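One-letter residues, chain by chain:
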Amino acid sequence: MDVAFIGLGQMGHGMAGRLIDAGHRVTVWNRDTGKAEPFAARGATVAANPADAARSGVAVTMLANDAALEAVCFGHDGLLSAGPGLLHIACSTVSVALTDRLAAAHREAGQRFVSAQVLGRPDVAAAGKLAVIAAGAADDLDAAAPVFAAIGAKTIVMGDRPAMAAAAKAAANFGIAAVIETISEQMRIAGAQGIAADRMAALLVESDFGSRIFGSYAPMIAAQRFEPAGFPLTLGRKDVGLAISAADGAPLPLASLLAERMDAIIAAGGGDRDWSWLGQA
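Reference entry: report on the structure contained in this document. (Residues numbered from 1 in each chain as written. Predicted model: local features only at pLDDT ≥ 70, side-chain atom pairs only at ≥ 80, totals over all residues. Heavy atoms only, no water.)

**A short note on the overall build of the protein**
To be explicit about the condition: The numbering of helices and of strands both runs from the N terminus, where a helix is a DSSP run of H or I of at least 4 residues and a strand a run of E of at least 2. Atoms counted for the radius of gyration: C-alpha only. Globule rule: 2.2 Å times the number of residues to the power 0.38. Any pair of residues with heavy atoms lying within 4.5 Å of one another is described as a contacting pair. For the accessible areas, the method is Shrake-Rupley and the probe is 1.4 Å, while residue cover comes only from the protein chains on display.
Tallying secondary structure elements over the protein gives 12 helices and 8 strands in all. In terms of overall dimensions, the protein is globule-like: its C-alpha atoms have a radius of gyration of 19 Å, near the 19 Å expected for 281 residues. Its C-alpha atoms put the protein at 65 × 45 × 35 Å along the principal axes. Within the protein, contacts between residues at least 6 apart in sequence are counted, and of these 67% link residues at least 24 apart. Counting every atom, the protein has about 12,300 Å² of accessible surface; 55% of that belongs to carbon and sulfur.

Structure representation (structure tokens):
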């Protein structure tokens, strides 16, 4: 199928590559045009702007935050100006409020919109093994299925309202932050009695103590592999904030504590480190 990919950062780079590998005809756009050059070398078309890219009829966005996605959709030559019929598959981790706003704006423009936020780090994206958290109209999800198959190992549908996927992703990323803090405190307890960090990590991983998240983060924390960041702490703080907002006033004492810790780390200059450093500061 013809598909545009907008946003070629660490996650988007791997996802766009998977679409090319799957045989789709891909058009790319990125604010930093240098990031598009490797895809041109692989046969992709480089668009002049998001609206130009979206003329393929299907556009996938993978951007850092609400502001970046707003700029690509509502800005000059944005997706909403691309004309009726467009299917926008939004993979960025963004707020429930913006997702609701985008669903309404695309509907008014005669376009289709699904939220398909993803779980996985950049290496998982490059391998096409992401978990796709999707929500939207059933027909739109069916139309997006070839994209989901290229970028992900599984697709979990949350419901027919796109914002449901945004809420589920915010909840999931809050959980990862909580696991990171848990692992770090487990390491401190073990370390206080002379247990090497890599031995404690082996216990967590080899006994299948927790889950895939424990298996991913325990070795990183034990080895102190915080740079280069696969997922910067600043983005993690954004996602914990999204979770608090999505809860719509329900008490989240652990999320609030994590937000305070992240704010302190960022204020001290640690925001560019991988968010697995959360428990070390």
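Once you've had a look at it, read on.
**Quick notes on the packing of helix α8 (residues 162-191) against helix α9 (residues 197-206)**
Keep this limit in mind: Fitted lines through C-alpha atoms serve as axes, helices being fitted only where they are in contact, and the angles separating the N-to-C directions of these axes extend from 0 to 180 degrees. Any angle that is under 35 degrees is reported as roughly parallel, and any over 145 degrees as roughly antiparallel; angles of 65 to 115 degrees are reported as roughly perpendicular and all others as oblique. By convention, the crossing between two helices is left-handed when the near helix turns anticlockwise from the far helix through less than a right angle, and right-handed when the turn is clockwise.
Where α8 meets α9, the axes come as close as 9 Å, and the angle between the chain directions of the two elements is 125°. Between α8 and α9, the angle is such that the two are oblique. For the crossing formed where α8 meets α9, the hand is right-handed. Packed against α8, whose contacting residues are I183, Q186, M187 and A190, the element α9 presents A197, M200, A201 and L204 at the interface.

**Topic: the pairing of strand β1 (residues 2-6)**
So the rule is basically this: Buried means the residue's accessible area, taken with a 1.4 Å probe over protein chains only, is under 20% of the maximum for its type, while exposed means over 50%, and partly exposed covers the values in between. If DSSP finds at least two bridges between two strands, the strands pair. Orienting the strands away from the viewer, one traces the path from the first strand over the helix to the second; a clockwise path indicates a right-handed crossover.
Most of β1 sits inside the fold, with 4 of its 5 residues counted as buried. For β1 and strand β2 (residues 25-29), the ladder comprises 5 bridges, and the chain directions are parallel. Bridging from a neighbouring strand, I6 pairs with W29 of β2. Running through helix α1 (residues 10-21), the crossover from β1 to the neighbouring parallel element β2 is right-handed.

**Side note on the sheet that holds strand β3 (residues 45-46)**
Read across the sheet, 8 strands follow the order β3-β2-β1-β4-β5-β6-β7-β8 without closing on themselves; strand pairing throughout is mixed. If you trace the sheet from one side to the other, it starts and ends with β3 and β8 (152-159), each paired once. Across the sheet, helix α7 (residues 138-151) is in contact with β1, β4 (58-61), β5 (87-90), β6 (112-119), β7 (130-135) and β8; its angle to β6 comes to roughly 35°.

**Re the nonpolar core**
Inclusion rule: Take the buried Ala, Val, Leu, Ile, Met, Phe, Trp, Tyr and Cys residues and link them wherever side-chain atoms come within 4.5 Å; each set so joined is a nonpolar core.
Ranked by size, the top nonpolar core spans 34 residues in total, and within it I183, M187, Y217, W275 and L278 carry the most contacts. Elements with a minimum of two residues in this core: α8, α9, α10 (212-223), α11 (233-246) and α12 (253-267). By residue number, the principal contributor to this core is α8, which donates 10 residues. If we ignore the near neighbours within four places in the chain, the residues touching L278 are A177, I180, E181, L233, L258, R261, M262 and I265. Membership of the second largest hydrophobic core comes to 32 residues, among which are F5, A16, L87 and I151.

**Here we look at the side chain of Q111**
Note the threshold: Any pair of N or O atoms that falls within 3.5 Å is considered a polar contact. Within protein, one atom must be able to donate a hydrogen and the other to accept it, and sequence-neighbouring residues count only if both atoms are side-chain atoms.
As for its position among the elements, Q111 is in the loop between α5 (96-108) and β6. Given the relative accessible area of 6%, Q111 is considered buried. Within the local environment of Q111, its side chain forms a polar contact with the backbone oxygen of L79, the two atoms lying 3.1 Å apart. Not counting residues up to four positions away in its chain, the partners in contact with Q111 are L79, L80, A82, G83, P84, G85, L86 and H106.

**Focus: helix α4 (residues 66-74)**
At 3.6 residues per turn, the α-helix brings residues three or four places apart onto the same side. Worth spelling out the cut-off: Along the arc lie the directions from the helix axis toward the C-beta atoms.
Looking only at α4, the buried set comprises L69, V72 and C73. The buried residues of α4 occupy an angular sector of 95° when the element is viewed end-on, so they sit on one face. The elements touched by buried residues of α4 are β1, β2, α3 (50-53), β4, β5 and α5. Two to three positions downstream of the cap, the backbone nitrogen of A67 sits 3.3 Å from a side-chain oxygen, assigning the N-cap of α4 to N65.

**Let's talk about the packing of aromatic side chains**
Spelled out, the test is: When two rings of Phe, Tyr or Trp (its six-membered ring) have centres within 6.5 Å they constitute a pair, described as stacked for plane angles under 30 degrees, edge-to-face for angles over 60, and tilted for the intermediate range. The rule for a charge over a ring is simple: NZ of Lys or CZ of Arg within 6 Å of the ring centre, and within 35 degrees of the ring normal.
Enumeration over the complete set of coordinates arrives at 1 aromatic pair. Aromatic side chains F231 and W275 sit 4.9 Å apart centroid to centroid with 65° between the ring planes, which places their arrangement in the edge-to-face category. Residue F231 is found in the loop between α10 and α11, and its partner W275 is found in the segment after α12; the two are separated by 44 residues along the sequence. Judged by relative accessible area, which is 2%, W275 ranks as buried. Sitting over the face of the ring of F74, R101 holds its NZ or CZ atom 4.2 Å from the ring centroid. For R273, the ring lying beneath its charged end belongs to W277, and the centroid distance is 4.1 Å.

**Here we look at a nonpolar patch on the surface**
In plain terms, the rule: Residues form patches when they are more than 30% accessible in relative terms and have no salt bridge. Like charges link within 9 Å. Nonpolar side chains (Val, Leu, Ile, Met, Phe, Trp, Tyr) link within 5 Å. Think of a salt bridge as a Lys or Arg side-chain nitrogen and an Asp or Glu carboxyl oxygen that are within 4 Å of each other.
On the surface, a nonpolar cluster with roughly 220 Å² of combined accessible area is contributed by I156, M158 and M164. Tracing the backbone shows M164 in helix α8.

**Remarks on the pairing of β5**
Burial of the side chains of β5 extends over both faces: L87 and I89 are buried on one face and H88 and A90 on the other. Across 4 bridges, β4 lies against β5 in parallel orientation. Pairing of V58 across the sheet is with L87, part of β5. Where the polypeptide runs from β4 across α4 and back to β5, its parallel neighbour, the crossover connection is right-handed. Pairing between β5 and β6: 4 bridges, direction parallel. Residue pairing in the sheet places L87 in a bridge with R112 of β6. With α5 bridging β5 and the parallel β6, this β-α-β connection has right-handed handedness.

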